[in-house]
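Structural characterization, general
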Amino acid sequence: MTLQVVAFYLFASIVIASAVMVILARNPVHSVLWLILAFFNAAGLMVLLHAEFIAMLVVIVYVGAVAVLFLFVVMMLDIDFASLRAGFVKNFPLGIAVALVLLAELVLGIGAYRAGALNLGAAEGTAAPIPMTSNIESLGAVLYSEYLFLFEAAGIVLLVAMIGAIVLTHRDLRSPRAHQDIGKQVRRNPDEATIMTQPAVGKGVDL
Amino acid sequence: MDYATSLYLTGAEIGLSISGLVLLLVSAWGGARVTRLVTILAAAALFGAAIFTGHLFTELSVPAAGDAFGGLYRADDFSSFAKILIYLAVIACLMITPKYLAANGIYRSEYPILLLFGAVGMSMMVSAVDLITLYIGLELSSLSSYVLASFARDDVRSSEAGLKYFILGALASGILLYGMSLIYGFAGTTDYAAIRLAFIGGIETGALFGIVFVLAGLAFKIAAVPFHMWTPDVYEGAPTPVTAFFASAPKVAAVAILMRIALEPFADHVDSWRQIVVFAALASIVVGALGAIGQDSLKRLLAYSSINNVGFILIGLATATQLGTSAMMTYLVIYVVMTLGSFTALLMLRAEDGRPFETFSDIAGLATRKPAIAWCLLLLMFSLAGIPPLFGFWAKFVVFRAAVEADLIALAAIGIAASVIGAFYYLKFVKVMFFDEAEGSVVKTSPIGQWIVLILAGIIVSPLGYFLNGLLDAWSSDAAASLFYLV
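Residues numbered from 1 in each chain as written. Chains lettered and ligands numbered in written order. Predicted model: local features only at pLDDT ≥ 70, side-chain atom pairs only at ≥ 80, totals over all residues. Heavy atoms only, no water.

Points about the pattern of salt bridges
Residue and element names in this part refer to chain B. Applying the stated criterion to the full structure yields 14 salt bridges over all chains. Between Arg 260 and Asp 76 there is a salt bridge, with its nearest N and O atoms 3.2 Å apart. Of this pair, Arg 260 sits in helix α13 (residues 249–263) while Asp 76 sits in the loop between β2 (73–75) and α4 (77–96), and the two are 184 residues apart along the sequence. Both residues of the pair, Arg 260 and Asp 76, belong to the buried class. A salt bridge links Asp 233 to Arg 300; its shortest N-O distance comes to 3.1 Å. Separated by 67 residues along the polypeptide, Asp 233 in helix α11 (residues 230–237) and Arg 300 in helix α15 (residues 298–319) bring together distant segments of the chain. In this structure Arg 300 comes out as buried when scored by relative accessible area, which is 19%. One connected set of salt bridges, linked through shared partners, spans Arg 157, Glu 160, Lys 164, Asp 233, Glu 236, Arg 300 and Glu 358. (Salt bridge = Lys/Arg side-chain N within 4 Å of Asp/Glu carboxyl O. Helix = DSSP H or I, 4+ residues; strand = E, 2+ residues; numbered from the N terminus. Buried < 20%, exposed > 50% of the residue type's maximum accessible area, 1.4 Å probe, protein only.)

Comments concerning a nonpolar patch on the surface
Residue and element names in this part refer to chain A. A contiguous nonpolar patch, built from Phe 88, Val 89, Phe 92, Ile 96, Leu 100, Leu 103, Leu 106, Val 107 and Ile 110 and spanning about 940 Å² of accessible area, is present on the exposed surface. Relative to the helices and strands, Phe 88 is located in helix α5 (residues 88–114). For Phe 88, a relative accessible area of 54% gives the class exposed. (Patch = residues over 30% accessible without salt bridge, like charges linked within 9 Å, V, L, I, M, F, W, Y side chains within 5 Å. Areas by Shrake-Rupley, 256 points an atom, 1.4 Å probe, with all protein chains shown as cover.)

Remarks on the domain arrangement of chain A
All names here are of chain A. For chain A, the assigned domains read domain 1 (1–81) and domain 2 (133–171). Averaged C-alpha coordinates put domain 1 and domain 2 at centres separated by 25 Å. Contacts between the two partners involve 5 residues from domain 1, matched on the other side by 4 residues from domain 2. For the domain 1 and domain 2 pair, buried surface summed over both sides reaches about 330 Å², with 65% attributable to carbon and sulfur atoms. In the side of domain 1 that touches domain 2, the residues fall into 3 nonpolar, 1 polar and 1 charged. (Domains from an automatic or database assignment. Contact = heavy atoms within 4.5 Å. Buried area = accessible area lost by both parts, 1.4 Å probe. Nonpolar A, V, L, I, M, F, W, Y, C, P; charged D, E, K, R; others polar.)

Quick notes on the packing of helix α14 (residues 270–291) of chain B against α15 of chain B
All names here are of chain B. For the pair α14 and α15, interaxial distance at closest approach is 7 Å and the crossing angle is 155 degrees. With respect to α15, the axis of α14 lies roughly antiparallel. For the pair α14 and α15, the crossing hand works out as left-handed. Facing α14, whose interface residues are Trp 273, Arg 274, Val 277, Val 278, Ala 280, Ala 281, Ser 284, Ile 285, Val 287, Gly 288, Ala 289 and Gly 291, α15 presents Tyr 304, Ile 307, Asn 308, Gly 311, Phe 312, Leu 314, Ile 315, Leu 317, Ala 318 and Thr 319. (Axes fitted to C-alpha atoms, helices over the stretch in contact; angles between N-to-C directions. Parallel < 35°, antiparallel > 145°, perpendicular 65-115°, else oblique. Left-handed = near helix turned anticlockwise from the far one by under 90°.)

Notes on the nonpolar core
All names here are of chain B. Formed by 197 residues in total, the largest nonpolar core has its most connected members in Trp 273, Leu 314 and Leu 317. No other element matches the 17 residues that helix α16 (residues 322–348) contributes to this core. Discounting residues that sit within four places of it in the chain, Leu 317 has contacts with Leu 258, Met 259, Ala 262, Leu 263, Trp 273, Val 277 and Met 328. (Core = buried A, V, L, I, M, F, W, Y, C linked by side-chain atoms within 4.5 Å.)

See below:
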C-alpha cells in the first residue's frame, strides 16, 4: 500500500502545484505547458485508481486538444521567439528537473499500478468492479445497451455543436469577392497587367 | 430493459430528433429556397410531438409513470405537462420569427432546426430521472441557445450576447457538473431514486456541497438572483424572437428539472436546500422589481421582469408541498403566455424604415398609432403586474396561497410588497402608451403569425382566461401529484 500512497501524494501535489502555476505564469505559453503537466498528473491519479481507460482519455483528449490550442496560441499571439530562446540556458536546470520528476512518476506509477488499485473507499450501493475485466470491456458492455439513449443523445449534442460552428462562421463562397474566373486569368496579357514607371531617386511609386 | 416500451415512451424525443435530421438534409440540399418550408415542417413536427405527449398524458393513469431505458428517463404527468408547454412555446417562437429574421437578412433554415434540437434537449431535461440524462439534455438545449443568441452574427450586440451567454453558461455547467460529481461520489449512483435511498439516514457535508452547487448551476439557467447578471445583456443583444424563446421554453425546462431534483432525490432533506431557494426567490423578486425601474430599453425591462417572475415561481418550490408544485405549474403556463405575448408585441413594433422600437420614447402615444397592439400590451402589462381581473393575478394568487398554507407567511408578505414595487414599471408602459404625446414614426404592418400569437396571448391573460381555470388546475395538480407519487 505504501507505494501507492507515495505515488498518490506525488501525483496529487504536482497537479495542485502546476494548476497554481497555470494561473500565476505570466506567459500564456508557459501557462499551457503547466496545464499539460497538470493533465499528465491527473492521468497518473486515474492510473492509480485502476481507471486506465480514463487515464488514456485524459492524455489523448486533453493533452491532444491542449497541444492544438497551444499551436493556436503560438500562431495568434505575437511572441518574441528570440527572447524565449535567450532563456534556454538559464531555464535548462528547471527543464531537466521537470523531466526527472516525470520520469520518476512514470516508474512510480507503473510500479503502483502493478501493486494494485488504491482503495479510496466506495459509497454504499456502488457496483463492485468485475475482476479480470478491463475498463474498456466494462464500458463497452453498457455503453451501447444500457446507456444507448444517452450515447445517441450525446451524438446529437455534437451534431448541434457542428451546426452551430457552421452557422456562425460559414460564408457563402459564391459571393463575388471569392469568385475565380479562370478564363479571365488566362486571357490576361502583359500589356494590361503591367505598367512601366521611372520614379525619381528617393521618391516612391504612384500606384 | 424493454426496448419497445422505452422507444414508445421516448417517442416525442425520437420523432423530433429524426425530423431534425431530415430537415437538416432538406436544408443542406435545398439552400435558401426551402427556409420557409423547413420552418413550417419544424412547427408541424413539434405539433405532432405535442399531440403524442398529450396522448401519453391522458393514457398514463395518474400518477403511475413509465420508466424508459432502465431508469434513465421517466414519462409521467409532470414531464408530459412541461413538455407540451415547451413544444407549444417553441411553435409560437417559430410563428413570430420569419418576418423579423428576413428583414434582417438572417432568415436561414438552421434557425428552426436549432430550435427543434433545443426542444429535444429540453424535453430530455424534464424527463430526466438520472443525473447524466439531465446533464446531456441541458447541454443540448444550452448549446443550441448559445448559437441562437448570436444568430445575427454580423451584429456586434448579438455576437457579444452569444459570447457572454456561452462563457457564463459553460461556467454554470461546470459548477453543476462539479455538484453532480460530489453527489455521485457520496451516493455511489446517478439515479434519483437510488440517491434518495443512499441519503435516507442523513446527508453528509460533502453531498450537501453537491446540492448547493447543483442548485447554483440551475439557478444560473433560470436566471435567479444572484446568478442573473447575464440576463439583461443577453436578452438585449440577442435578436428579439430569440429573446422571446429564451424567456419562455428553456425557463420552463430548467424550472422543471429544478423541481424534480429538489423534490425527488432530496425530498427527505427539504431543510438542507429550502433556505437557498427562499433566498434566491426573495432576491430575484426584489432585484427584478428594483432593477427594472431605471431601464429605458424595453428588452432589458422585460429581462428584469422575467427575473422577477422566476422569484415568484421559486416561492412555490420553497413550500416543497404538492400544492406549491401545482401552483408552480400553473404559474409557468401563465408566465409563458404573458412573456411570449409581450415579446411578440415588441417584435411587431417597427418603424416604417424597419427600425425596431427599443425605448420608451419610441412607444409614446402608441394607443393613437396602433390601438390594437397598445390594448393587447395593456392587458399583458396589467397581467404581469398581477392586477386582479386579469389572469396574471391568478398565477400570483395560487403561489402565495401555497406559501401561506406552508407557513411561509413572511416570504409571501415580502413577495407581495415587492410585486407592488414591480407594478410601477408595468404601469409606466401603459402610461407612456396611452397618455404621452405621440411621435411621428408610423408602425409597419405585421405578419399574420405574430398577430395570432399576440391575440391568443391577449385573450388568455384577459378575464376570459378564467374559463381555462378548471382544466389548468386539474392538469397542474395531476402533474404535481406524479412528482409526489413516491413520497
